[in-house]
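# Residue-level structure breakdown
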Amino acid sequence: MRVGKEELRKQIEKYVKVSFGKEISEATEFEVYRALGQAIMEDIAEDWYETNKLYSQKKQAYYFSAEFLMGRALGNNLINLGVLDEVKEVLTELGIDYNKVEDAEEDSALGNGGLGRLAACFLDSLATLNLPGHGYGIRYRNGIFNQSFKDGYQVEKPETWLKYGDVWSVMRPADEVIVSFGDGSVRAVPYDMPIIGYGTRNINTLRLWEAKSLVDLDLGKFNQQDYLHATQDKTRAEDISRVLYPNDSTDEGKKLRLKQQYFFVSASLQDILRKYKRIHGTNFDEFPSYVAIQLNDTHPVIAIPELMRLFVDLEGLSWEKAWSIVEKTFSYTNHTILAEALEKWWVGLYEQVVPRVYQITQGINNQLRGFLAERFPNDPARQDRMSIIQGNMIHMAWLAIYGTHATNGVAALHTEILKHKELKDWYELYPERFLNKTNGITQRRWLLQSNPELSALITELIGNEWITDLSQLKKLEAYVDDEEVLKKLLSIKHAKKIELVKYLREVQGIEVNPNSIFDIQIKRLHEYKRQLLNIFHVIGLYNKLKLNPSMSFQPVTYIYGAKAAPGYLVAKGIIRLINEVAQVINKDPETNGKLRIVFVENYRVSVAQKLFPAADISEQISTAGKEASGTGNMKFMLNGALTIGTLDGANVEIVEEAGEENNFIFGLKVNEIEEMRAKGYDPHVPYNSVEGLKKIVDSLIDGTFNDLGTGIYGTIHRSLMENAPWHQADQYFVLEDFEAYRNAQKRINVEYRDRLSWAKKQLMNIANAGKFSSDRTIKEYADEIWFIEPAKLED
Ligand code: 26W
């Protein structure tokens with residue numbers, strides 16, 4: 001911020017007066033938050049404009065994503081502008097508590113989980129690295145639902161972040177465009193959010209589209225006093241950007257979702273074409289030299305036929321010319337190999353929603369079929385397997401690989417699985433198109449902002465360059481035998497645990513012992529992530545402590561946070577089970593000092609910022625081969641938590657960097673799982689032979705736990721013990737991995753007690769987290785996929 005303290009105070013006072021008609025002394029915390037936001041928006045306006053002007057002459061990258069999970073902006077913006085301390089001082093002088101002002105901001109939660117949060121971290125890195133790169137997405141009026149618990153069951157409530165509008169967005173009516181569907185057209189109105197880089201004047205943009213009706217009111221119907229139908233068109237149009245689909249990992253093939261995808265993709269492409277023509281005219285030969293578009297999973301892949309349509313139908317390019325530009329412009333990231341998540345559209349629906357785009361998709365498929373017939377003349381089965389249109393379904397992942405110059409996975413192991421299994425046919429056809437881009441996280445939000453105490457210690461030891469160059473953390477290894485530093489690490493962890501204890505007391509009314517091990521699993525609820533393995537272990541531990549109360553044991557608090565997709569019944573049953581186990585254990589005086597279970601309600605970015613710094617143990621226990629990368633694992637590591645995990649996703653690279661001896665790796669590896677599947681895995685084997693396991697599994701159905709007549713525990717039990725036409729018994733190997741997991745937990749419980757040796761492991765994890773900065777990831781995308789270069793406003 002270019003303004004000084006005195007000026008800043010005046011600005012806050014001005015906006016409280018302008019917007020709310022009050023003196024600052026009368027303002028609520030929310031009003032102060034808004035005024036601060038307005039002051040920041042005014043302060044950055046000039047730099048934002050200048051950045052756009054500068055970038056307009058350069059090649060720019062656009063990140064197309066149906067989700068951006070931004071969280072709160074205030075704290076992050078103040079830090080990146082370098083004025084957090086000044087703002088705190090001004091507020092203190094005014095008698096206002098900065099933390100309460102920060103808490104007045106609603107999370108911007110336009111995403112489900114990992115994929116959306118990755119997009120948000122990428123934007124922070126792009127701006128900080130002065131790279132011309134922006135986000136394009138949907139301005140959902142309702143983000144991911146708010147979660148509450150009733151009788152231990154998840155209840156979803158609408159999320160309403162726009163209830164009072166949004167101070168960080170600027171509407172740009174002049175850039176409105178029209179998007180047309182088979183059954184009519186809507187207006188797409190853009191709202192821009194500034195993405196403020198750290199330590200730079202550059203300000204990048206996240207442009208989110210809102211759907212509006214072409215007509216506000218049907219006057220004919222209104223005059224006939226048919227008020228309901230008079231606003232029907234308006235409602236139908238505006239439904240398109242109404243709500244974020246709360247499914248991650250299952251594809252429902254719903255019409256509204258296809259409309260959402262086409263809506264934001266078409267609007268964004270029209271916007272990009274208009275900007276291009278303004279500068280470069282209508283010669284599109286140079287288009288890929290100025291425009292790179294990243295498709296975040298298959299959700300925006302309809303951009304490929306849509307850009308063909310815009311070029312061929314509207315700009316008059318030949319099909320061949322258009323195709324060669326399209327291939328050079330787009331690239332695609334795959335975020336999952338779960339079969340049920342690979343998007344497919346029913347031809348009938350697709351044709352109805354976007355008839356012309358369907359014709360073009362057929363054209364692309366015909367071209368592909370011709371090419372496959374030439375390349376694999378003797379392999380008709382393969383030609384069929386690789387078709388974009390198969391029977392009556394359109395395979396978006398195939399369209400994505402065929403219509404782009406690069407396909408990437410999000411961690412080394414994941415990319416290898418794509419190349420050699422899931423996408424093998426395609427890798428053989430286009431080996432040069434396949435790349436790995438291991439995910440990363442922004443250290444500005446996930447260390448500097450979330451953990452100022454640890455940040456200060458690191459800066460004291462190695463200087464502050466780590467804030468924009470996380471590889472600097474390696475220098476911390478010099479302190480691995482420095483007792484004073486190790487003790488400081490422990491005391492910072494303790495302080496962050498106490499902060500979390502206070503939060504849990506305030507919002508959930510639960511008491512937690514900060515001297516217990518904080519073992520945390522926070523991520524979406526999914527069977528492959530195996531929250532069930534975690535709670536099974538807790539049940540076993542409880543059974544054992546009851547039998548053997550004098551057992552030597554370091555008290556543990558198991559903490560969970562997870563939303564389940566509203567239609568995912570087994571996931572909801574697991575939430576209920578964890579809540580019930582929590583209730584039983586937490587009220588048992590016999591185990592009270594030793595075991596505590598907390599399920600944090602409504603887990604979200606702002607709460608994550610309190611949880612990661614307070615963790616001793618990071619739970620990363622997915623069935624090997626299923627978690628594409630994980631990014632929570634990196635946030636834990638950066639904050640000095642040790643990982644208990646399988647060799648899955650980016651866990652592999654985390655222990656490669658930090659050392660297996662400094663973490664707790666257990667369980668089946670990818671190849672072992674394949675072997676077991678091949679020879680036929682029977683969960684009855686571990687069920688009958690692993691000590692204590694039978695009792696745990698039986699407790700689902702023997703009356704120990706009670707699902708209130710919903711039958712969901714029976715369903716979970718059957719999914720573990722019985723084969724069904726749609727899945728194998730225990731398809732995620734919960735029972736098979738149980739014993740190895742319990743042994744790893746035992747080691748943790750013993751090793752934790754040697755505080756100095758534990759602190760060394762913490763330090764080794766922090767010191768080796770440098771690779772997992774999203775700055776590194778984004779540099780790789782910029783250099784190897786987008787071919788964009790930094791352009792920096794002068795200081
Ligand atoms: C069509 C329904 C649907 C919705 C969302 C299918 C798939 C998704 C996402 C791809 C799920 C997702 O968020 N994947 C996660 O992406 C993260 C960022 O790359 C990875 O770290 C996680 O491992 C991966 O599960």
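The paragraphs below set out a description of the structure included in this document. (Residues numbered from 1 in each chain as written. Predicted model: local features only at pLDDT ≥ 70, side-chain atom pairs only at ≥ 80, totals over all residues. Heavy atoms only, no water.)

### A short note on the overall build of the protein
When its secondary structure is counted, the protein shows 34 helices and 23 strands. Taking 2.2 N^0.38 as the reference for a compact globule, 795 residues should give roughly 28 Å; the C-alpha atoms of the protein span a radius of gyration of 27 Å, in line with that estimate. Taken along its principal axes, the extent of the C-alpha atoms in the protein is 80 × 75 × 65 Å. Expressed as a percentage of the 795 residues in the protein, the buried residues total 61%. Put simply, 76% of the contacts in the protein that link residues at least 6 apart link residues at least 24 apart. Working note: accessible area of the protein is about 30,100 Å², and carbon and sulfur atoms make up 50% of it. The averaged location of the 111 negative side-chain charges in the protein is 2 Å from the averaged location of its 95 positive side-chain charges. (Helix = DSSP H or I, 4+ residues; strand = E, 2+ residues; numbered from the N terminus. Rg over C-alpha atoms; globule rule 2.2 N^0.38 Å. Buried < 20%, exposed > 50% of the residue type's maximum accessible area, 1.4 Å probe, protein only. Contact = heavy atoms within 4.5 Å. Areas by Shrake-Rupley, 256 points an atom, 1.4 Å probe, with all protein chains shown as cover. Lys, Arg positive; Asp, Glu negative; His and termini not counted. Charge placed at Lys NZ, Arg CZ, Asp CG, Glu CD.)

### A word on the sheet that holds strand 22 (residues 642-645)
Taken in spatial order, the six strands make up an open sheet running 20-19-18-21-22-23, and their pairing is parallel. Taken across any chain shown, the strands that pair with only one partner, and hence form the sheet edges, are strand 20 (595-600) and strand 23 (664-665). Note that strand 22 and strand 23 share two bridges and pair parallel. Within strand 23, the position partnered with Gly645 by the bridge is Ile665. Strands strand 21 (617-620), strand 22 and strand 23 of the sheet are contacted by helix 33 (residues 755-767), whose axis makes an angle of about 85 degrees with strand 22. (Pairing = 2+ DSSP bridges. Axes fitted to C-alpha atoms, helices over the stretch in contact; angles between N-to-C directions.)

### Digging into the nonpolar core
Phe64, Phe536 and Trp786 are the most contacted members of the largest nonpolar core, which totals 265 residues. By residue number, the principal contributor to this core is helix 10 (residues 255-280), which donates 10 residues. (Core = buried A, V, L, I, M, F, W, Y, C linked by side-chain atoms within 4.5 Å.)

### Some remarks on the environment of Pro132
Along the chain, Pro132 falls in the loop between helix 6 (114-128) and strand 4 (133-138). The exposure class of Pro132 is buried, given its relative accessible area of 0%. Spatially, the C-alpha atoms of Pro132 and Arg242 are 30 Å apart, while their sequence positions differ by 110 residues. Here Pro132 is in contact with Tyr55, Lys58, Lys59, Gln60, Ala61, Ile788 and Glu789, once residues within four sequence places are set aside.

### Observations concerning the site of the ligand
For the ligand, the set of nearby residues contains 23 residues, the closest of which are His335, Asn439, Glu627, Ser629 and Gly630. Measuring from an oxygen atom of the ligand, one finds a side-chain N or O atom of Asn439 at 2.8 Å. One nitrogen or oxygen atom from the side chain of Glu627 is found 2.6 Å from an oxygen atom belonging to the ligand. Burial of the ligand by the surrounding chains reaches 96%, relative to a free accessible area of 580 Å². Residue contributions to the shell around the ligand peak at three residues, all from helix 6. Among the residues making up the shell around the ligand, the classes are represented as six nonpolar, 11 polar and six charged. (Near = heavy atom within 4 Å. Polar contact = N/O pair within 3.5 Å; in protein donor to acceptor, adjacent residues only side chain to side chain. Nonpolar A, V, L, I, M, F, W, Y, C, P; charged D, E, K, R; others polar.)

### A look at the pairing of strand 5 (residues 146-150)
Judged from the five bridges that link them, strand 5 and strand 6 (residues 153-157) form a sheet pairing that is antiparallel. Within strand 6, the position partnered with Gln147 by the bridge is Glu156. Where strand 5 hands over to strand 6, the hairpin turn is made up of two residues, of which Asp151 adopts a positive phi near 50 degrees.

### Points about the sheet that holds strand 13 (residues 344-346)
Strands in a sheet are paired, the pairing made by backbone hydrogen bonds, and the direction either parallel or antiparallel. Spatial strand order, 13-15-14: three strands in an open sheet with antiparallel pairing. Each having just a single partner strand, strand 13 and strand 14 (389-390) make up the two edges of the open sheet. Bridge analysis of strand 14 against strand 15 (residues 393-395) gives two bridges, and the strand direction is antiparallel. Across the sheet, residue Ile389 finds its bridge partner in strand 15, namely Ile394.

### Some points on the packing of helix 23 (residues 531-547) against helix 32 (residues 734-751)
The contact between helix 23 and helix 32 brings their axes to 10 Å, and the two run at 60 degrees. One element, helix 23, and the other, helix 32, form an angle in the oblique class. In this structure, helix 23 crosses over helix 32, and the sense of that crossing is right-handed. Residues Leu533, Asn534, Phe536, His537 and Lys544 of helix 23 lie in contact with helix 32, whose contacting residues are Val734, Leu735, Asp737, Phe738, Tyr741, Arg742, Gln745 and Lys746. (Parallel < 35°, antiparallel > 145°, perpendicular 65-115°, else oblique. Left-handed = near helix turned anticlockwise from the far one by under 90°.)

### A closer look at the packing of helix 6 against helix 34 (residues 774-786)
Between helix 6 and helix 34, the shortest axis-to-axis distance is 9 Å and the interhelical angle comes to 75 degrees. Overall, the two elements helix 6 and helix 34 adopt an arrangement that is roughly perpendicular. Of the residues in helix 34, those in contact with Cys121, Phe122, Ser125 and Leu126 of helix 6 are Ser774, Asp775, Thr777, Ile778, Tyr781 and Trp786. Within the contact of helix 6 with helix 34, the residues separate by chemical class into six nonpolar, three polar and one charged.

### A word on the pattern of salt bridges
In total, this model carries 64 salt bridges according to the counting rule given. The partner of Asp107 in a salt bridge is Arg72, and the shortest N-O contact between them spans 3.7 Å. Of this pair, Asp107 sits in the loop between helix 5 (98-103) and strand 3 (108-110) while Arg72 sits in the loop between strand 2 (68-71) and helix 3 (74-81), and the two are 35 residues apart along the sequence. Note on accessibility: Asp107 and Arg72 belong to one class, buried. (Salt bridge = Lys/Arg side-chain N within 4 Å of Asp/Glu carboxyl O.)

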